[in-house]
Amino acid sequence: MAEKVRVRFAPSPTGPLHMGGVRTALYNYLFAKKHGGDFLLRIEDTDEKRFVEGAQQYIIDSLKWCGIEPNEGAGYGGELGPYVQSERKTMYQPYAQQLVDSGHAYIAFDTAEELDKMRDQAKEMGLPNWQYNSVTRSSMKNSISLSKEEVEKRIAAGDEYTIRMKMPRNEEIKFEDIIRGWVSVNTNNLDDKILLKPGGMPTYHLANIVDDHLMQITHVIRGEEWLPSAPLHVLLYDAFGWERPQFAHLPLILRPDGNGKLSKRDGDRLGFPVFPLNWTTSEGELYSGYKEAGYFPGAFINMLCLLGWNPGNNEEIFTLDEMVDKFSLERVGKSGARFDPEKTKWFNQQYLRSTANEELAEMVKPMINGDFSIPYIAKVCELMKERATFISDIVNDGQYFFSEVTSYDDGTVKKKWKEDTPTIMEELISELEAISDFTTENIEKVFSAYLEKKGYGFGNVGPGFRLLVTGSGMGPSMFDICATLGKEKVLERMKKGIDIVNQLKATA
Ligand code: GLU
């Protein structure tokens, strides 16, 4: 690749960015970084009816959270801007005119009502898929069917018009897609798409091609849903006499159950986020995001990276730098990639485990009440992280590290608090009281010696001990928990707890 790689992520701000969109952005980012190229963000907002306030900022915020920021584009600047298509509106008309002048496009005066009527009539005649194309255009009102004078007269009178692509008849359009190989489509299957709308706003197709050309895009990496548009795009490049970029159409992301594209409704239905960040609609409806659901951006990105691409071996955990290093479009599959919410949790678990305890502590601190030191919280994180999927699990399951024990696990009280447990706990208290250096090792030593002396099994003592100190029936090693809480707190909880649990047991 001699020229500099330049790729773009070109979302339309029609709502929050779906995770499929994030994956498209990610693959573009990885490809750009891998080849020392540029990654641009272009906002394609030519469809004014579908514009949604706040969507552009949401896209920028999402990419930022994911750590895959563009180095050029909307919100980032650059020499080939503006990068928001509505701000480029006046640039497109001359290009459309150029195609009219060269005979690749034409002016059409048919109004929306006339077109609707045409479709209805065709339907009545048993032709449900009427199209404006090489067969029908001659019977419509356009610069092909009307005289030059008539066309000029209409334009001078201010009649609204569109510019349409003059799709050639019976030609084979061929292009090579990096992921799909050769794609070939006959133009008889394509219609005369509108390039410029009345009022001068371009359609997606025209704006997309003009901008990719002007922004010197070398590779178009986008979702499979754009594959049907690619033949028209190829034809447009040829009509302008511009070099085509290389195309790579990414496979669909499929829903976890059944076939079909993952949609936001699947998320609601199966209880997982489909968006990177929370999004509230103008009607006040909330769609949950990965960030707010407690996911690490690295885990989210790691999961997305493997949704359609594979490294050629069983490796699954990659830092962003490793992804850049290993990524290639050749290893992106053609068939849809099934999204797996459980696997996504697994990724988060792996990321949580490999995050330093101090770092976890900084994340936990704002989620708890009370003045706990970072070293103390870090110790708690060390003990809890093996059992946690989310940071909130550390906070919720490890409540007893940050607040007093006020409730006791029902099942443990019923099943494990036996008649002799109160006496055993009193004895254990005296044993623990004698420890001067309250470390994990010392506590364990004293505990084991006590069991041995009394001929007890762990089951006689352990569950009651845990219940009094933590209120719960399970968790990390009791010796670690006690050493972390400190002697005073442990003994206080044990002494206070015996009576309360006795009472609970009596009323159970
Ligand atoms: N604006 C299109 C979208 O919303 C971009 C398609 C492309 O990348 O060409 O996805």
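For clarity, every value in this text was computed on a predicted model and none was experimentally measured.

1. Digging into the overall build of the chain
Secondary structure assignment for the chain yields 20 helices and 14 strands. The C-alpha radius of gyration computed for the chain amounts to 32 Å, which surpasses the reference 23 Å derived for 508 residues by more than 25%, pointing to a less compact arrangement than a globule. Dimensions of the chain, computed from C-alpha atoms along their principal axes, come out at roughly 110 × 55 × 35 Å. Scored against the burial criterion, the 508 residues of the chain give a buried share of 49%. Within the chain, contacts between residues at least 6 apart in sequence are counted, and of these 72% link residues at least 24 apart.

2. Concerning the packing of helix 3 (residues 93-101) against helix 7 (residues 230-240)
At a minimum axis separation of 10 Å, helix 3 and helix 7 run at an interaxial angle of 80 degrees. When the axes of helix 3 and helix 7 are compared, the pair comes out roughly perpendicular. Contact residues: Y95, Q98 and L99 in helix 3; L236, A239 and F240 in helix 7. When the residues that make up the contact of helix 3 with helix 7 are grouped by side-chain class, the tally is five nonpolar, one polar and no charged.

3. As for the nonpolar core
Ranked by size, the top nonpolar core spans 149 residues in total, and within it F401, M425, L432, F465 and M494 carry the most contacts. Top element by residues in this core is helix 1 (residues 19-34). It accounts for nine residues. Among residues more than four places away in sequence, those in contact with F465 are M425, L428, L432, F447, M478, C482 and M494.

4. Here's the deal with the sheet that holds strand 5 (residues 162-165)
With respect to topology, three strands assemble into an open sheet ordered 4-5-8, the strand pairing being antiparallel. Taken across any chain shown, the strands that pair with only one partner, and hence form the sheet edges, are strand 4 (105-108) and strand 8 (194-196). Between one strand axis and the next, the sheet turns by 40 degrees as a mean value, whatever way the strands run. With four bridges joining them, strand 4 and strand 5 adopt antiparallel strand pairing. If you follow I107 over to strand 5, its bridge partner there is I163.

5. With respect to helix 18 (residues 458-470)
Its 13 residues place the ends of helix 18 17 Å apart at the C-alpha level, agreeing with the 18 Å of an ideal helix rising 1.5 Å per residue. Buried residues dominate helix 18, accounting for ten of its 13 residues. Taken together, the buried positions of helix 18 are V461, G462, P463, G464, F465, R466, L467, L468, V469 and T470. Among the structural elements, helix 15 (410-416), helix 16 (421-433), helix 17 (440-454), helix 19 (478-485) and helix 20 (487-507) are those in contact with the buried residues of helix 18. Taken from the residues just after helix 18, G471 is the one with a positive phi, measuring 80 degrees.

6. Quick look at the site of the ligand
With respect to spatial proximity, the complete set of residues near the ligand consists of R8, A10, P11, S12, E44, Y204, N208, R222 and W226. Within the side chain of R8, one N or O atom sits 2.7 Å away from an oxygen atom of the ligand. In this structure, an oxygen atom belonging to the ligand sits 2.8 Å away from a side-chain N or O atom of R222. Protein contacts shield 85% of the accessible area of the ligand, which totals 300 Å² for the unbound molecule. The class makeup of the residues in the shell around the ligand is four nonpolar, two polar and three charged.

7. A few points about the state of the cysteines
Per the stated rule, a full pass over the model turns up zero disulfides. You can see C482 has no disulfide; the closest cysteine sulfur is in C381, sitting 19 Å from it.

8. Structural notes on the packing of aromatic side chains
In total, this model carries 28 aromatic pairs according to the counting rule given. When the centroid spacing of 6.1 Å and the interplanar angle of 65 degrees are considered together, the rings of W130 and Y132 count as edge-to-face. For W130, a relative accessible area of 14% corresponds to the buried category. Residue class for Y132 comes out buried when judged on its relative accessible area of 3%. An aromatic cluster of at least three residues, connected via ring pairs, comprises W65, Y290, Y295, F300 and F390. Between the NZ or CZ atom of K174 and the centre of the ring of W182, over which it lies, the distance is 5.8 Å.

9. Here's the deal with the environment of N314
Among the structural elements, N314 can be located in the loop between helix 9 (297-305) and helix 10 (320-326). A residue is classified by how much of its surface remains accessible, and N314, at 74% relative accessible area, is exposed.

10. Things to note about the environment of R244
Turning to its location among the elements, R244 is positioned in the loop between helix 7 and strand 10 (246-250). Taking C-alpha positions, R244 is 39 Å from T280, a pair spaced 36 residues apart along the chain. For R244, the residues in contact, after removing those within four places along its chain, are K174, F175, V234, Y237 and D238. Polar side-chain contacts of R244 include one of 3.1 Å to the backbone oxygen of K174.

11. Things to note about the pattern of salt bridges
Enumeration over the complete set of coordinates arrives at 31 salt bridges. In this structure, the salt-bridge partner of K141 is E114, at a minimum N-O distance of 2.5 Å. In this pair, K141 sits in the loop between helix 4 (112-124) and helix 5 (148-156) while E114 sits in helix 4, placing the two residues 27 residues apart along the sequence. The class of K141 is partly exposed, set by a relative accessible area of 29%. Classification of E114 by relative accessible area gives partly exposed; the value is 29%. Residue D192 pairs with R137 through a salt bridge whose shortest N-O separation is 2.7 Å. With D192 in the loop between strand 7 (181-186) and strand 8 and R137 in the loop between helix 4 and helix 5, this residue pair connects regions lying 55 residues apart in the sequence. D192 sits in the buried class, given a relative accessible area of 0%. Exposure remark for R137: the relative accessible area of 7% places this residue in the buried category. Taken together, the shared-partner salt bridges in this structure form one network comprising R8, R42, E44, R88, D211 and D212.

Procedures and definitions
- Residues numbered from 1 in each chain as written.
- Predicted model: local features only at pLDDT ≥ 70, side-chain atom pairs only at ≥ 80, totals over all residues.
- Heavy atoms only, no water.
- Helix = DSSP H or I, 4+ residues; strand = E, 2+ residues; numbered from the N terminus.
- Rg over C-alpha atoms; globule rule 2.2 N^0.38 Å.
- Buried < 20%, exposed > 50% of the residue type's maximum accessible area, 1.4 Å probe, protein only.
- Contact = heavy atoms within 4.5 Å.
- Axes fitted to C-alpha atoms, helices over the stretch in contact; angles between N-to-C directions.
- Parallel < 35°, antiparallel > 145°, perpendicular 65-115°, else oblique.
- Nonpolar A, V, L, I, M, F, W, Y, C, P; charged D, E, K, R; others polar.
- Core = buried A, V, L, I, M, F, W, Y, C linked by side-chain atoms within 4.5 Å.
- Pairing = 2+ DSSP bridges.
- Expected span 1.5 Å × (residues − 1).
- Near = heavy atom within 4 Å.
- Polar contact = N/O pair within 3.5 Å; in protein donor to acceptor, adjacent residues only side chain to side chain.
- Areas by Shrake-Rupley, 256 points an atom, 1.4 Å probe, with all protein chains shown as cover.
- Disulfide = S-S within 2.5 Å.
- Phe/Tyr/Trp six-rings, centres within 6.5 Å; stacked < 30°, edge-to-face > 60°.
- Lys NZ or Arg CZ within 6 Å of the ring centre and 35° of its normal.
- Salt bridge = Lys/Arg side-chain N within 4 Å of Asp/Glu carboxyl O.

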